Amino acid sequence: MSEATAVDVAQLLRENGLHATAQRVGVLRAVSEHPHATADEIVVAVRDRIGAISRQSVYDALAALTERRLIRRFQPAGSSARYEDRVGDNHHHLICRSCHVVVDVDCAVGEAPCLTAADDAGYELDEAEVVFWGTCPPCLATATTT
Ligand SMILES: [Zn+2]
Ligand SMILES: [Zn+2]
Ligand SMILES: [Zn+2]
């Protein structure tokens, strides 16, 4: 959605039953342009784009967008919550323990196999939150050269 215009974004909001306020449009575009950003990073990005907006307005917009599943919120252990607009594919994340960079990784092979639990206990499953922790290549290179 990185090429999405404000008009497209406003349309998407309305289709999902939300008023297309400047704040929500700004927040959704900021999330789209900064995948895996924290709320505080999104505040900065939205202010760059639309000027003054309160922190609380950004938090409110993030909550409304998350509730409508226009964005996905995830919170790695030891980190602030992060947001992204890549929704609906149950993809997972690789996170570097050293520099905390976050990278998308598709669900193992096929159509969201993680959603097929060994025993679903009768639940209708819609998400499996999987985080792979490790060390990213740049951090590995630094560790071996110093
Ligand atoms: Zn790293
Ligand atoms: Zn992601
Ligand atoms: Zn998976």
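Cut-offs used in this document
Residues numbered from 1 in each chain as written. Chains lettered and ligands numbered in written order. Predicted model: local features only at pLDDT ≥ 70, side-chain atom pairs only at ≥ 80, totals over all residues. Heavy atoms only, no water. Pairing = 2+ DSSP bridges. Helix = DSSP H or I, 4+ residues; strand = E, 2+ residues; numbered from the N terminus. Axes fitted to C-alpha atoms, helices over the stretch in contact; angles between N-to-C directions. Donors = N, O, S within 2.8 Å, 3.2 Å for Na, K, Ca; no water. Buried < 20%, exposed > 50% of the residue type's maximum accessible area, 1.4 Å probe, protein only. Core = buried A, V, L, I, M, F, W, Y, C linked by side-chain atoms within 4.5 Å. Contact = heavy atoms within 4.5 Å. Salt bridge = Lys/Arg side-chain N within 4 Å of Asp/Glu carboxyl O.

(A) Summary view of the sheet that holds strand β6 (residues 131-134). Strand order in this open sheet of 3 strands is β5-β4-β6, and the pairing throughout is mixed. The open sheet terminates on both sides in strands that have one partner only, identified here as β5 (102-105) and β6. Taking each pair of neighbouring strands and ignoring which way they run, the sheet shows an average axis angle of 25 degrees. In terms of strand pairing, strand β4 (residues 92-96) meets β6 through 4 bridges, oriented parallel. Of the residues in β6, the one forming a bridge with Leu94 is Phe132.

(B) Region of the structure containing the coordination of the zinc ion (ligand 3). Around the zinc ion (ligand 3), the donor atoms from the protein are His92 (NE2), Cys107 (SG) and Cys114 (SG), and they sit 2.0 to 2.2 Å away. Each donor residue of the zinc ion (ligand 3) belongs to the same chain, and together they define the spacing H-x14-C-x6-C. In this pair, His92 sits in strand β4 while Cys107 sits in the loop between β5 and β6, placing the two residues 15 residues apart along the sequence. Taking the relative accessible area as the measure of exposure, His92 reaches 2% and is therefore buried.

(C) A look at the nonpolar core. Within the largest apolar cluster, 25 residues are counted, with the highest numbers of intra-cluster contacts made by Leu13, Val27, Ile42, Leu62, Leu65 and Tyr83. Elements that contribute at least two residues to this core include exactly α1 (6-15), α2 (22-33), α3 (39-50) and α4 (55-67). Setting aside residues up to four positions removed in sequence, Leu65 forms contacts with Leu13, Leu18, Arg24, Val27, Leu28, Leu70 and Ile71.

(D) Local environment of the coordination of the zinc ion (ligand 2). The zinc ion (ligand 2) binds to the protein through His36 (NE2), Glu84 (OE), His91 (NE2), His93 (NE2) and Asp104 (OD), with metal-donor distances spanning 1.9 to 2.3 Å. Each donor residue of the zinc ion (ligand 2) lies on one chain, and together they are spaced H-x47-E-x6-H-x1-H-x10-D. Within this pair, whereas His36 is found in the loop between α2 and β1 (37-38), its partner Glu84 is found in strand β3 (residues 82-84), the two being separated by 48 residues in sequence. You'll find His36 and Glu84 in the same group, each marked buried.

(E) Quick peek at the pairing of β5. Judged from the 4 bridges that link them, β4 and β5 form a sheet pairing that is antiparallel. Within the sheet, the bridge partner assigned to Leu94 lies in β5 and is Val103. Hairpin geometry of β4 and β5 is characterised by an intervening segment of 5 residues between the two adjacent antiparallel strands and by a positive phi of about 65 degrees at His100.

(F) Focus on the pattern of salt bridges. Throughout the structure, instances matching the rule amount to 8 salt bridges. For Glu33, the salt bridge identified is with Arg49, shortest N-O distance 2.4 Å. Pair noted here: Glu33 is in helix α2 and Arg49 is in helix α3, with a separation of 16 residues, a long-range link. Here Asp104 makes a salt bridge to Arg86, at a shortest N to O gap of 3.4 Å. Pair noted here: Asp104 is in strand β5 and Arg86 is in the loop between β3 and β4, with a separation of 18 residues, a long-range link. Residue Arg86 is classed as partly exposed on the basis of its relative accessible area of 27%. Several salt bridges share partner residues, and in doing so they unite Arg86, Asp89, Asp104 and Asp106 into one network.

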